[in-house]
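Geometric and topological summary
The residues making up each chain are set out below.
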Amino acid sequence: MRALIHPTFGEPEQVLRIEDRPLPDPGEGQVRLRVVLSPIHNHDLWTVRGTYGFKPELPAPSGTEAVGVVDELGAGVEHLAVGQRVATGGTFGAWAEYIVTDAAGLVPVPDALPDETAAQLVSMPFSTITLLDFLGVGEGAWIVQNAANGAVGRMLAQLGNARGVNVVGLVRRTAGVEELREQGIDNVVATDQDDWQDQVAALTGGAPIVAGVDSVGGPAAGQVLSLLSEGGTLVAFGAMDSPTMEIASSDVIFKQATVRGFWGSKVIPQLDSATRGSLFGELFQRLSDGTLTLPVAGVFDADDIRAAVQASGTPGRVGKVLLRF
């Protein structure tokens, strides 16, 4: 089978390559999937660079999420069937024609959901709705996030709106405000404008902003913290620009702020089955009624990984880049 492998850590477009690998066999409690589509996530690229929280042994496979078709069942697997379409969001090595994964972690995909949507169902959407739960905010509350024009930012705005949570989005370019408005997302402010903080205050009408999400790092983390009310919580979700959060001690002290980290790989496994099922049910509902959208920026054959990675890094990209196997 074909698989994307990197023999060294480095820039993904330079070190990733297609190799022939043996077809894996499922063990007890596992299934083998024939991969249909797999998205390119930032954390996949960080892993290839060797800068993520998980650092694999080399030479290493790549990718973590996919939609596929059950190809073979391991011993003891009775709740799935060969030929059934499922999604996985935590299978390392998903950038391959076939993968073996634990059956218990697979999500059956409804027939009405297209492959392009199912391929990106788990990692980002489920992490985002879990993040919203993690924030612990109720209807009518105000929260703020940066990277509002990223995939998670757009989904958090849509899911928050569906729950009645007010989400202020920060973007770095004035053009990004109109780009999001065209997608039906309002309450967005560009930080390249001198009065951006005043604009946020005008949007909220002076209401307290009780939580903030930082996906950027560096000075952008401090911008989010500066907007929080007393007793607010700043959650570190990502570090697109910098691995260091630059926040003012005065904001932490005088606001009596709390700073927490959110890593889906740690938080999601701790969810009980009832909560997990409820959140997936909400996702399916939001996708079916159009409240939540998962656009696709492009689909590339795995052999064309260099072009796919370059497309994934395009400024202003809307939607995920998918790999086809």
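Anyway, here's the lowdown on the structure attached to this text. (Residues numbered from 1 in each chain as written. Predicted model: local features only at pLDDT ≥ 70, side-chain atom pairs only at ≥ 80, totals over all residues. Heavy atoms only, no water.)

Points about the overall build of the protein
For clarity, the cut-off: Here a strand is any run of E in DSSP of at least two residues, a helix any run of H or I of at least four, and the numbering for each starts at the N terminus. Both definitions apply: the radius of gyration is a C-alpha atom measure, and the globule rule equals 2.2 Å times residues to the power 0.38. Exposure is judged per residue with a 1.4 Å probe applied to protein chains only, and the accessible area is read against the type maximum: over 50% gives exposed, under 20% gives buried, and values in between give partly exposed. Contacts are assigned to residue pairs that have any heavy atoms within 4.5 Å of one another.
From N to C terminus, the protein includes 12 helices and 15 strands. Here the protein has a C-alpha radius of gyration of 20 Å; the compact-globule value for 325 residues is 20 Å, and the two agree. Along the first, second and third principal axes, the C-alpha atoms of the protein reach 60 × 40 × 35 Å. Classification of the 325 residues of the protein by burial places 49% in the buried group. In the protein, the share of contacts with a sequence separation of at least 24, taken over all contacts with a separation of at least 6, comes to 68%.

Considerations on the packing of aromatic side chains
In plain terms, the rule: Geometry of aromatic contacts follows a simple scheme: Phe, Tyr and Trp rings, the Trp one being its six-membered ring, pair when their centres are within 6.5 Å, and the pair is stacked under 30 degrees between planes, edge-to-face over 60, tilted otherwise. In this scheme, Lys NZ or Arg CZ marks a charge over a ring once it lies within 6 Å of the ring centre and within 35 degrees of the ring normal.
Inspection of every chain in the model, using the stated rule, returns seven aromatic pairs. Where F54 meets F92, the ring centres are 4.9 Å apart and the plane angle is 85°; that geometry is what we call edge-to-face. On the criterion of sequence distance, the pair formed by F54 in the loop between helix 2 (42–49) and strand 4 (66–73) and F92 in the loop between strand 5 (85–88) and strand 6 (98–102) is long-range, its members being 38 residues apart. We classify F54 as partly exposed; its relative accessible area is 36%. By relative accessible area, F92 is classed as partly exposed at 32%. Sitting over the ring of F9, K55 keeps its end group 5.1 Å from the ring centre.

A short note on the sheet that holds strand 13 (residues 258–261)
To keep things clear, this is the line we draw: Note on pairing: DSSP must find at least two bridges between two strands before they are called paired. Axes here refer to lines fitted to C-alpha atoms; in helices the fit is confined to the stretch in contact. Angles between the N-to-C directions go from 0 to 180 degrees.
The parallel open sheet is built from six strands, whose spatial order is 10-9-8-11-12-13. This sheet does not close on itself; its edge strands, each paired only once, are strand 10 (188–190) and strand 13. Averaged over all pairs of adjacent strands, the angle between strand axes in this sheet comes to 20°, irrespective of strand direction. The pairing of strand 9 (residues 166–171) with strand 10 spans three bridges and is classified as parallel. Opposite L170, over in strand 10, you have V189 as the bridge partner.

Topic: the pattern of salt bridges
In a structure, side chains of opposite charge can pair up when their charged atoms sit close to one another. The criterion, for reference: The term salt bridge refers to a side-chain nitrogen of Lys or Arg lying within 4 Å of a carboxyl oxygen of Asp or Glu.
On inspection of all chains with the given rule, the structure shows 16 salt bridges. Of the charged contacts in the structure, one is a salt bridge between E179 and R173, with a shortest N-O distance of 3.2 Å. When its relative accessible area of 34% is taken as the criterion, R173 is described as partly exposed. E178 is paired through a salt bridge with R181; the nearest N and O atoms lie 2.8 Å apart. Taken as a pair, E178 and R181 lie in helix 6 (residues 174–182) at a separation of three residues, close to a single helical turn. Under the relative-accessibility criterion, E178 is labelled partly exposed at 39%.

Structural notes on helix 4 (residues 122–135)
Heads up, the rule is: Take the number of residues in a helix, subtract one, and multiply by 1.5 Å to get its expected span.
Taking 1.5 Å of rise per residue, the 14 residues of helix 4 would be expected to cover 20 Å, and the 19 Å separating its terminal C-alpha atoms lies within 8% of that figure. Where burial is concerned, most of helix 4 is hidden: 13 out of the 14 residues are buried. A positive backbone phi angle near 65° is found at G136, which sits one or two residues after helix 4.

Quick look at the nonpolar core
Where we set the bar: To qualify as a nonpolar core, a set must consist of buried Ala, Val, Leu, Ile, Met, Phe, Trp, Tyr and Cys residues joined through side-chain atoms within 4.5 Å.
Counting residues in hydrophobic clusters, the biggest one holds 42 residues, and the most contacted among them are L131, L135, I143 and L283. At the level of elements, strand 3 (30–39), strand 4, helix 4, helix 5 (151–162), strand 11 (209–214) and helix 11 (273–288) are the ones that each hand at least two residues to this core. Sorting elements by how many residues they give to this core places helix 4 first, with eight residues. Excluding its chain neighbours within four sequence positions, the residues that come into contact with L131 are L156, V213, V235, F237 and F262. In terms of nonpolar packing, the next biggest core, distinct from the first, is built from 29 residues, A3, L33, A302 and A308 among them.

Looking at a negative patch on the surface
The condition that has to hold: Residues qualify for a patch when their relative accessible area is over 30% and they have no salt bridge, like charges being joined within 9 Å and the nonpolar side chains of Val, Leu, Ile, Met, Phe, Trp and Tyr within 5 Å. What sets the accessible areas is the Shrake-Rupley method with a 1.4 Å probe; for residues, cover comes only from the shown protein chains. Charged-residue counts in this description rest on Lys and Arg as positive and Asp and Glu as negative, His and the chain ends being excluded. The atom standing in for a charge is NZ when the residue is Lys, CZ when it is Arg, CG when it is Asp and CD when it is Glu.
A cluster of acidic residues, D192, D194, D195 and D198, forms a negative patch at the surface. Relative to the helices and strands, D195 resides in the loop between strand 10 and helix 7 (196–204).

Quick look at the pairing of strand 11
For clarity, the threshold we go by: If you view a crossover with the strands going away from you and the path from the first strand over the helix to the second runs clockwise, you call it right-handed.
Of all six residues that make up strand 11, five are buried, and the element is covered over most of its length. In this sheet, strand 11 lies alongside strand 8 (residues 142–145) in parallel orientation, the contact comprising four bridges. Bridge pairing in strand 11 places I143 opposite A211. On the question of chirality, the crossover connecting strand 11 to the parallel strand 12 (residues 233–236) by way of helix 8 (residues 219–227) is right-handed.

Points about the packing of helix 7 against helix 8
Quick note on the threshold: These descriptions rest on fixed angle ranges, namely under 35 degrees for roughly parallel, over 145 for roughly antiparallel, 65 to 115 for roughly perpendicular, and the rest for oblique. Handedness of a crossing is defined here by the sense of rotation of the near helix relative to the far one, left-handed for an anticlockwise turn of less than a right angle and right-handed for a clockwise turn. Only Asp, Glu, Lys and Arg are considered charged, only Ala, Val, Leu, Ile, Met, Phe, Trp, Tyr, Cys and Pro nonpolar, and every remaining residue, Gly among them, polar.
Their axes nearest at 11 Å, the elements helix 7 and helix 8 cross at an angle of 40°. By the criterion of interaxial angle, the relationship of helix 7 to helix 8 is oblique. For the pair helix 7 and helix 8, the crossing hand works out as right-handed. Across the interface between the two elements, W196, Q197 and V200 of helix 7 pack against Q223, S226 and L227 of helix 8. Among the residues making up the contact of helix 7 with helix 8, the classes are represented as three nonpolar, three polar and no charged.

Honestly, that's just the spatial picture; any functional story needs more than this.
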